[in-house]
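# Commentary on secondary and tertiary structure
Residues per chain, in single letters:
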Amino acid sequence: MHKKTKILLCSVGISLMLGGCSGMNSANNNQESEKSKETQAAPSEESLISVQDYTGEGYALPYGKETDKIADESLDEIEEAAIEFFKEKYKTDVTVHNVVGAKDGATVFVESKGEPHFYTYAVVPIDELEKKVMTEKIWADQFQVENAIKGGLYHMIFNEEFQQLDDYLETIAAEGQVTGKTKDALQNVGGHGYMTPYYFIALTSKEEAIKPVYDLYISNPDESTENLRNAYEEGSFNPENFKINIQLFMADKQAEPSEEIFNQITKELEEMDSIPKGTYSFSLNDNFIDKQSSEGAKDNSLKRGFPDYIIKE
């Protein structure tokens, strides 16, 4: 890796996050998803790190050692290809935060500039024998990128509702007992659509209400927020297809997940009627996060989720 920090894509983390979105990926049967499987890492037993200190450093992927070196020598070429790819195919300007070696390729983590805001990634194939990066064959999982953009569009057109949620979670964190992931971690190994330190958005393949908004954005990226909001098909919305996954950590390194705090936040989420419609899950972890997978969930984590989600209709 390269350029910013030495981090490799560990799709364990990505997969676990997507695990909260069961049934969402009808596109996983396509060729690109087959390629994606090649970049998956085996579960790691790396040591834990405080979530406040985690920047994504330590993310690891099997079989990426050699491609990592090759990618290192072509960083500028890879970055240029990724920026051009997202601009041409998704009409979106992106910033490249991280480039990492993986099996048969390099994974490129990007963040959109401006709105809609989202994180995602693409893959540049690498020929190890020829020691050559094939930027002309850069690809990305279409379903994941489209859903990343759709999540950003949701946040964009329902800004007031999301602001209520953001304000609430920031107020909770400001009290000092819980915290979220760092911005560096989101940028370097996030890659999962609209994300904040405290939650990420996920859509299932059945979510139809946002589709005309997405189509309008792709046809005209400069379309006004008002027109994008008008394109939204309220009647097609099903909260089961739109998930907001909240994950907090204890701020104290010595603290176990607090049932009192967990129950308080769960109750307040249940009672709030001004936050976005959708299906909410909530996890409260201890202070530590797995370096390789970026996962904070452990046996001692407290969770409100399947089959008892908090539904906002």
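Look a little higher up for the structure.
Cut-offs used in this document
- Residues numbered from 1 in each chain as written.
- Predicted model: local features only at pLDDT ≥ 70, side-chain atom pairs only at ≥ 80, totals over all residues.
- Heavy atoms only, no water.
- Helix = DSSP H or I, 4+ residues; strand = E, 2+ residues; numbered from the N terminus.
- Axes fitted to C-alpha atoms, helices over the stretch in contact; angles between N-to-C directions.
- Parallel < 35°, antiparallel > 145°, perpendicular 65-115°, else oblique.
- Contact = heavy atoms within 4.5 Å.
- Core = buried A, V, L, I, M, F, W, Y, C linked by side-chain atoms within 4.5 Å.
- Buried < 20%, exposed > 50% of the residue type's maximum accessible area, 1.4 Å probe, protein only.
- Expected span 1.5 Å × (residues − 1).
- Arc of directions from axis to C-beta.
- Patch = residues over 30% accessible without salt bridge, like charges linked within 9 Å, V, L, I, M, F, W, Y side chains within 5 Å.
- Areas by Shrake-Rupley, 256 points an atom, 1.4 Å probe, with all protein chains shown as cover.
- Salt bridge = Lys/Arg side-chain N within 4 Å of Asp/Glu carboxyl O.
- Lys, Arg positive; Asp, Glu negative; His and termini not counted.
- Charge placed at Lys NZ, Arg CZ, Asp CG, Glu CD.

Following E115, the chain continues to P116 via a peptide bond in cis, the omega torsion being -5°. The residue P116 is located in the loop between β3 (105–112) and β4 (119–127) in this model. Cis rather than trans, the peptide bond between F306 and P307 has omega equal to 0°. If you trace the backbone, P307 turns up in the loop between β11 (302–304) and β12 (310–312). In this structure, K91 is a non-glycine residue whose phi angle is positive, near 55°. Structurally, the position occupied by K91 is in the loop between α4 (75–90) and β2 (94–102). Non-glycine residue K131 carries a positive phi angle of around 55°.

What follows concerns the packing of helix α5 (residues 142–157) against helix α6 (residues 159–174). Here α5 crosses α6 at 95°, and the two axes come no closer than 5 Å. Considering their axes alone, α5 and α6 lie roughly perpendicular with respect to each other. In contact with Y154, H155, M156 and I157 of α5, α6 contributes N159, F162 and D166.

The next point concerns the nonpolar core. Core analysis: the largest hydrophobic core is formed by 69 residues, its most contacted members being L153, Y154, L165, Y199, Y232, I246 and L269. In this view, L165 contacts Y199, I244, I246, L269, I275, P276 and Y280; residues no more than four positions away in its chain are not counted. Core analysis: the second largest hydrophobic core is formed by eight residues, Y54, Y59, A185 and V189 among them.

So, about α6. Compared with an ideal rise of 1.5 Å per residue, which puts 16 residues at 22 Å, α6 spans 21 Å between its outermost C-alpha atoms and is within 8% of the ideal. Every buried residue of α6 is listed here: F162, L165, D166, Y168, L169, I172 and A173. Buried residues of α6 fall within an arc of 160° about the axis and therefore sit on the same side. Every exposed residue of α6 that faces more than 90 degrees away from the buried side is listed here: E160 and A174. Where the residues of α6 are buried, they touch α5, β6 (178–179), β7 (199–203), β8 (242–250), α10 (259–271) and β9 (278–285).

Residues D76, E77, E80, E84, E88 and E136 make up a contiguous surface patch of negative charge. Turning to its location among the elements, E80 is positioned in helix α4.

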